[in-house]
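Coordinate inspection notes
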Number of protein chains: 2
Amino acid sequence: MKHALSVTRDADFAAWYQSVIAEADLAEESGVRGCMVIRPWGYGIWERIQRLLDDRIKATGHENCYFPLFIPLSYFEKEAEHVEGFAKEMAVVTHHRLVPDGKGGLIPDPAAKLEEPLVVRPTSETVIGTAFARWIQSWRDLPVLINQWANVVRWEMRTRMFLRTSEFLWQEGHTAHATADEARDETRKMLEVYRSFAEDCLALPVVAGEKPENERFPGAVATYSIEAMMQDGKALQAGTSHFLGTNFAAAQNIRFQNASGELELAHTTSWGVSTRMIGGVIMVHGDDDGLRVPPRIAPWQIVIVPMLRDQPEDEALIAYAKDIQSTLAGLSALGEPVRALLDLKPAKAATKRWGWVKKGAPIVIEIGGRDMAGGNVSVIRRDRLYRADGKLDAQVMPRGDFEAEAPALLAAIQQALHDEARARLKAAIVPAADFAAVEAHFAEGVKNPGWVEVQWARPTGAALDAVVERLKALKLTIRNAPADAAAADGVCVFTGEPAVERVLLARSY
Amino acid sequence: MKHALSVTRDADFAAWYQSVIAEADLAEESGVRGCMVIRPWGYGIWERIQRLLDDRIKATGHENCYFPLFIPLSYFEKEAEHVEGFAKEMAVVTHHRLVPDGKGGLIPDPAAKLEEPLVVRPTSETVIGTAFARWIQSWRDLPVLINQWANVVRWEMRTRMFLRTSEFLWQEGHTAHATADEARDETRKMLEVYRSFAEDCLALPVVAGEKPENERFPGAVATYSIEAMMQDGKALQAGTSHFLGTNFAAAQNIRFQNASGELELAHTTSWGVSTRMIGGVIMVHGDDDGLRVPPRIAPWQIVIVPMLRDQPEDEALIAYAKDIQSTLAGLSALGEPVRALLDLKPAKAATKRWGWVKKGAPIVIEIGGRDMAGGNVSVIRRDRLYRADGKLDAQVMPRGDFEAEAPALLAAIQQALHDEARARLKAAIVPAADFAAVEAHFAEGVKNPGWVEVQWARPTGAALDAVVERLKALKLTIRNAPADAAAADGVCVFTGEPAVERVLLARSY
């Protein structure tokens, strides 16, 4: 069978990834170093992600705010670990005016140099912490539960669209609590919001758990993540939730008077997911014909392509198609009105069909004169594109039947994408009892090795550094300690000591 | 009658404006020069504006995208007028890393200086034009109709929250067309979208029309605006739509092959509204008790305050209030589900009531034990807060009656706010037949002079400069030439020549 993309996942996964992004009109290089242009279909997916996740963030009691893009250097200097983690990749604003350079160009005006340089936010703990210090006086002011949707900048040396770009879009939640227990509960609650959102909305099976010490967010006491498995077996960290203890509160002076009148430091958290999730959706659900978008996050769930011929009969065909579109738009699927598009762009029907296949619209229906005459539509399900004989599986069915089944069909596609990815994830996590087994599993030349689960003694400091170095030789990192893993019952694969937990080892993005 | 704010509009309009922003929890100074923190109630209003305006932008065929925050200097240098208009207020990124300064602080790393400085976008014509040049090859690719919701930075010397901040949030639409006529139509269509959005959603009566040459967007052929009148009689430009002709297309090389195979320059437009609109809502609808938010953009339309007493009876009262909330949330008003909040925060009922009055929630209902016993609620309408005798107008009515009337009541409040502002606008625009009349109208000491409408000959170049100077002496600017004004039938108040159109003169923000 011939596929819509010129490069397959199997032949070159990295090239395939770029090709999906281009062919599905998701994004493109902008000409500005490390920054991408997110095109309508890619941005439409992001808007769906925003809408669905925002509902869940609000349903758990958080309110949206907006904080400045610029952060004065002095704000960063207060939290040593934090600044060390980010200083190497910060975009710095130093001037506020341009003047002609006398050669027809422009230069930053030396007379308009800022007294204190401003950093373009790489994350907003410091500037939001400063606001928290203003807002929080008493235990009655707690908890403070806020979120912001924003752009952030981290000057990455090697960029890859959606996965690692100098500028990216995200949401960052920030909360302050009276007790450490409450803050830890919040950290885990938001991890669970991310986990269930990824599973239910993105059809992305993930493993939720705590990151090891060396992978913590700079300044955090504990970092939790959801990890998804791409089709090349690599892990993608798709969301993180941090318990910050009193580290940032101490640096930013976030104190409150408790019920007994004593001053205490607040306990804070932060948590975020970004446009990186779209990279995960591509690498989990894409196939050799392009992207497959889970119906919940598809900007258009059903695309109707009438087979126009620049003939007078077109008019009746368009009327028939419009009627179907308006019927579909009146239905509800997966808890929301169905999003059905009638594609009347000036292009050939076959070109449009394959365009929507590459974009990954969950259902494409084609309507020709014969379909209309028979009161039928021809239905293509993006998750089951081909028949067993390799031919395109376009099912002709009575229009009324399709309309009646469409909501259930969309739900079935959402579920099918999830089940397929879940089965792949499950099959590709295998245990390794000792380090030799890990080395064998990830030996050179083994294609798509997936992840291994090992038991370890959770070493810290220099002992952990040694473990990280051994893993580096295999290009591995510790992803997280799955929250739902069985209790440890063996020995640490690194040290031979009694193990305390299970962790996942993987190559990663 | 005693008011909730300590400063009245009449006593000091500017101080009153700041006090509404603070007391209604809309925004606050961030500590970062010229940048504000938008707090939950203010951001909630912005989210409502986004949702409603985005629907209209999409309904007119536009798709959302996202373009880079950073624009290389060289992109700006291509359009001379444009860069001249913005160069004086641009934030410039020159470094991509920080290093310790040896004194415990940080400095931009001299070894990490960018080869080409990057400007933080003040507006995106140049970077989006570059993308258009990639996207557009043939007449079949046109029109391109896109929009982006983003933050932009203009380094303003004097800032005022919402009205003029260094960083602000906005949407910017950008389109490319095959003909000048089509582009002009688009420019006017989006102006009309803004006009009807301001009137219908923000309850903001506005005057739509073309700006004079001296007020054009840098690089534009024509600029149109909607102008709103604040309660101090000043004008606020609340949205603009620009016909850019082929100026940007020539600079960015946006060319297409027409149906005859010849290369032509595309005709482009851009249009935007920003968080400034919230400043307009405050200054049009606010009163001496705080903000009054039109129901369509109110994050919460009905707030329920049970009068709790830390007694066992509270439980029944909360259950009663919850039941009312859920009934209200099941209703639809102004085309959307009713947004009803049950306020259970730990504060006194009277404090909460006045908090919501200051925030401007359209309806506040209070419920005490006696109300519950009688099956009643006590209803406060924010747009009619006091009775004729100066006392708070809280109307006790059967719960069922209130629930039945709530949707109509919200619609009535939306309409009442609009009508009140419309009447004020209409009364405060007066004609002036000659310049002496203009001078008399805006003589020193005249409080709240409103706007005058004059006829003029639409001078250009040096003649226009002279007019602008004469107006400057009166602190006036030409706002726009109202699209719905009567035809000119007199002489130009500035030159005595035959007039060609009517324009509005006003002081402005």
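Remember, predicted model here, so these are calculated numbers, not experimental data. Chains are numbered independently. Their residues run from 1 in the order of the written sequence. Chains carry letters and ligands carry numbers; both start at the beginning, A for chains and 1 for ligands, and go up in the order they are written. It should be noted that, the model being predicted, local features are given only for residues of pLDDT at least 70 and side-chain atom pairs only at 80 or more, the latter also being counted only at that level, while totals for whole chains, interfaces and linings use all residues. Values reported for side chains reflect all heavy atoms of the structure, with hydrogen atoms and water molecules removed beforehand.

Digging into the overall build of chain A
- By the criteria applied, helices consist of DSSP H or I runs no shorter than four residues and strands consist of E runs no shorter than two, each listed in order from the N terminus. Looking only at helices and strands, chain A has 14 helices and 28 strands in total.
- For chain A, the spread of C-alpha atoms along the principal axes amounts to about 80 × 65 × 55 Å.
- Summary of the burial criterion: residues with accessible area below 20% of their type's maximum are buried, those above 50% are exposed, and those between are partly exposed, where the area comes from a 1.4 Å probe applied to protein chains only. By the burial criterion, 59% of the 509 residues in chain A qualify as buried.
- It only takes one pair of heavy atoms within 4.5 Å for two residues to be counted as in contact. Considering only contacts in chain A between residues 6 or more positions apart, those separated by 24 or more positions represent 69%.

A closer look at the sheet that holds strand β25 (residues 451–456) of chain B
All names here are of chain B.
- If you walk across this open sheet you meet the 4 strands as β24-β25-β28-β26, and the pairing is mixed. Each edge of the open sheet is held by one strand with a lone partner, namely β24 (429–431) and β26 (477–478).
- Pairing between two strands is assigned when DSSP locates at least 2 bridges connecting them. By the bridge criterion, 5 bridges tie β25 to strand β28 (residues 501–506) in an arrangement that is antiparallel. Bridge pairing in β28 places Glu453 opposite Leu504.

Looking at the sheet that holds strand β5 (residues 92–95) of chain A
- One open sheet holds the 6 strands; their spatial order is β4(A)-β8(A)-β5(A)-β5(B)-β8(B)-β4(B), and the pairing between them is antiparallel. Looking at the sheet topology across the chains shown, the edges are occupied by β4 (70–72) of chain A together with β4 (70–72) of chain B. On average, adjacent strands in this sheet sit at an angle of 45 degrees to one another, irrespective of strand direction. Convention adopted: a line fitted to C-alpha atoms gives each axis, helices being fitted over their contacting stretch, and angles between N-to-C directions are expressed from 0 to 180 degrees.

Thoughts on unusual backbone geometry
- A cis amide bond links Leu142 of chain A with the next residue in sequence, Pro143 of chain A, at an omega value of -5 degrees.
- Tracing the chain through its elements places Pro143 of chain A in the loop between α5 (125–135) and β9 (144–153).
- Of note, the phi angle at Leu334 of chain B is positive, near 50 degrees, even though the residue is not glycine.
- By the secondary structure assignment, Leu334 of chain B is in the loop between β18 (332–333) and β19 (336–337).
- According to the relative accessible area criterion, Leu334 of chain B is partly exposed, its value standing at 21%.
- For Arg458 of chain B, which is not glycine, the phi dihedral falls at a positive 50 degrees.
- Take Arg458 of chain B: it is sitting in the loop between β25 and α14 (461–473).

Looking at the domain arrangement of chain A
Residues and elements named next belong to chain A.
- All domain edges in this entry derive from an automatic or database-based domain assignment. According to the domain assignment, chain A consists of domain 1 (24–70 + 121–285), domain 2 (302–425) and domain 3 (432–506).
- Distance between the C-alpha centres of domain 1 and domain 2: 36 Å.
- On the domain 2 side, the residues contacting the 18 residues of domain 1 number 13 residues.
- Buried area: the sum, over both parts, of the accessible surface (1.4 Å probe) that disappears when the two are put together. Each partner contributes to the roughly 1300 Å² buried at the junction of domain 1 and domain 2, and carbon and sulfur atoms together form 57% of this total.
- Sorting the residues of domain 1 by area buried against domain 2 places Trp41, Arg48 and Pro205 first, and these three jointly supply 36% of that buried surface.
- One side-chain nitrogen of Lys or Arg within 4 Å of one carboxyl oxygen of Asp or Glu is enough to make a salt bridge. Counting the contacts that link domain 1 with domain 2 gives 3 salt bridges.
- For Glu336, the salt bridge goes to Arg48, with nearest N and O atoms at 2.5 Å.
- Between N or O atoms, a polar contact is any pair within 3.5 Å; within protein, one atom must be a potential hydrogen donor and the other a potential acceptor, and residues adjacent in sequence are included only when both atoms are from side chains. Taken together, the links from domain 1 to domain 2 amount to 8 residue pairs in polar contact (both at pLDDT 80 or more).
- If one sorts the elements of the side of domain 1 that touches domain 2 by residue count, helix α2 (residues 40–59) sits on top with 3 residues.

Describing the environment of Ala349 of chain B
Residues and elements named next belong to chain B.
- Checked against the element boundaries, Ala349 lands in helix α10 (residues 349–359).
- Taking the relative accessible area as the measure of exposure, Ala349 reaches 13% and is therefore buried.
- As for Ala349 and Arg309, which are separated by 40 residues in sequence, their C-alpha atoms are 9.1 Å apart.
- For Ala349, the contacting residues outside a window of four places in its chain are Val305, Pro306, Met307 and Glu366.

Some thoughts on the interface of chain B and chain A
- Contacts between the two partners involve 60 residues from chain B, matched on the other side by 60 residues from chain A.
- Together chain B and chain A conceal approximately 5300 Å² of surface at their shared face, both sides included; 64% is due to carbon and sulfur atoms.
- The tally of links from chain B across to chain A stands at 4 salt bridges.
- Where Lys58 of chain B meets Glu47 of chain A, a salt bridge forms, and the shortest distance between an N and an O atom there is 3.0 Å.
- Put simply, chain B and chain A have 30 residue pairs in polar contact (both at pLDDT 80 or more) between them.
- Top element by residues in the side of chain B that touches chain A is helix α2 (residues 40–59) of chain B. It accounts for 6 residues.
- The pairing of β5 of chain A with strand β5 (residues 92–95) of chain B spans 3 bridges and is antiparallel. Each residue of the ladder has a partner; that of Val92 of chain A, found in β5 of chain B, is His95 of chain B.

Concerning the nonpolar core
- Phe70, Val120 and Trp135 of chain A together with Phe70, Val120 and Trp135 of chain B are the most contacted members of the largest nonpolar core, which totals 89 residues.
- If sequence neighbours within four positions are ignored, Phe70 of chain B has contacts with Val32, Cys35, Ala91, Val120, Val153 and Trp155 of chain A together with Val93, Leu118, Val119 and Val120 of chain B. The term nonpolar core refers to a set of buried residues drawn from Ala, Val, Leu, Ile, Met, Phe, Trp, Tyr and Cys, joined through side-chain atoms within 4.5 Å.

Thoughts on the relation of the copies chain B and chain A
- Rotating chain B by 180 degrees and translating it 0.0 Å along the rotation axis places it on chain A, where the RMSD comes to 0.0 Å. Each copy turns onto its partner about a two-fold axis. No C-alpha of chain B lies nearer the rotation axis than that of Val93 of chain B, which sits 2.1 Å from it.
- Of the residues that chain B buries at the interface, 100% are likewise interface residues in chain A, meaning the two copies contact each other through the same surface. Superposition of the copies used a least-squares fit over C-alpha atoms from residues whose pLDDT is at least 70 in both.

What to know about the UniProt feature "domain: Aminoacyl-transfer RNA synthetases class-II family profile" (unreviewed entry) in chain A
- Summarizing the sequence annotation, UniProt attributes the feature "domain: Aminoacyl-transfer RNA synthetases class-II family profile" (unreviewed entry) to residues 28–294 of chain A in the numbering used throughout.
- Span residues 28–294 of chain A is 30% helix and 33% strand, its end C-alpha atoms 22 Å apart. UniProt positions are given in the numbering used here, feature names are shortened, and annotations may be inferred rather than shown by experiment.

A short note on the side chain of Asp54 of chain B
- The residue Asp54 of chain B is located in helix α2 in this model.
- Within the local environment of Asp54 of chain B, its side chain forms a polar contact with the side chain of Trp149 of chain B, the two groups lying 2.8 Å apart.
- If we ignore the near neighbours within four places in the chain, the residues touching Asp54 of chain B are Glu47 of chain A together with Ile49, Asn64, Asn147 and Trp149 of chain B.

Observations regarding helix α12 (residues 399–427) of chain B
- Take the residue count of a helix, subtract one, and multiply by 1.5 Å to get its expected span. An ideal rise of 1.5 Å per residue puts 42 Å on 29 residues; α12 of chain B measures up with 40 Å between its terminal C-alpha atoms.
- The axis of α12 of chain B is deflected most strongly, by about 50 degrees, at Ala406 of chain B, and proline Pro407 of chain B appears within four residues downstream. To get the bend at a residue, fit one axis to the 7 residues ending there and another to the 7 starting there, then take the angle between the axes.

Structural notes on α10 of chain B
All names here are of chain B.
- Extensive coverage of α10 is indicated by the burial of 8 of its 11 residues.
- The set of residues buried in α10 consists of Ala349, Lys352, Arg353, Gly355, Trp356, Val357, Lys358 and Lys359.
- In this fold, the buried residues of α10 make contact with α1 (13–23), α2, β17 (302–306), β20 (340–342), β21 (363–367) and β22 (376–381).
- Phi turns positive one or two residues past the end of α10, at Gly360, with a value near 90 degrees.

Quick word on the pattern of salt bridges
- The final tally for this structure, using the stated rule, is 65 salt bridges over all chains.
- Where salt bridges share partners, they join Asp25, Glu28, Arg39 and Lys359 of chain A together with Arg134 of chain B into one cluster.

A word on the packing of aromatic side chains
- The criterion for an aromatic pair is that two Phe, Tyr or Trp rings (for Trp, the six-membered ring) have centres within 6.5 Å, with stacked assigned to planes under 30 degrees apart, edge-to-face to planes over 60 apart and tilted to the rest. Tallied over the entire structure, the rule returns 22 aromatic pairs over all chains.
- A ring pair is formed by Phe13 of chain B and Trp16 of chain B, whose centres lie 5.0 Å apart and whose planes are at 35 degrees; its orientation type is tilted. Remark: Trp16 of chain B and Phe13 of chain B occur in helix α1; sequence separation between them is 3 residues, near one turn of the helix. The two residues Phe13 of chain B and Trp16 of chain B agree in class, both being buried.
- Either the NZ atom of lysine or the CZ atom of arginine qualifies as a charge over a ring when it sits within 6 Å of the ring centre and within 35 degrees of the ring normal. We note Lys234 of chain A situated over the ring of Tyr509 of chain A; from NZ or CZ to the ring centre the distance is 4.8 Å.

Side note on the packing of α2 of chain A against α2 of chain B
- Look at α2 of chain A against α2 of chain B: their axes get within 15 Å of each other, and the N-to-C directions meet at 155 degrees. One element, α2 of chain A, and the other, α2 of chain B, form an angle in the roughly antiparallel class. Remark: the crossing between α2 of chain A and α2 of chain B carries left-handed chirality. Taking contact as the criterion, the partners of Glu47, Arg51, Asp54 and Lys58 of chain A in α2 of chain A are, on α2 of chain B, Glu47, Arg51, Asp54 and Lys58 of chain B. Here roughly perpendicular refers to angles of 65 to 115 degrees, roughly parallel to angles under 35, roughly antiparallel to angles over 145, and oblique to all remaining angles. Left-handed describes a crossing whose near helix is turned anticlockwise from the far helix through less than a right angle; right-handed describes the clockwise counterpart.

Remarks on the side chain of Gln414 of chain B
Residues and elements named next belong to chain B.
- Secondary-structure assignment places Gln414 in helix α12.
- By relative accessible area, Gln414 is classed as buried at 6%.
- Those residues in contact with Gln414, other than ones at most four positions away along the chain, are Asp200, Cys201, Leu202, Ala203, Pro294, Pro295, Arg296 and Leu334.

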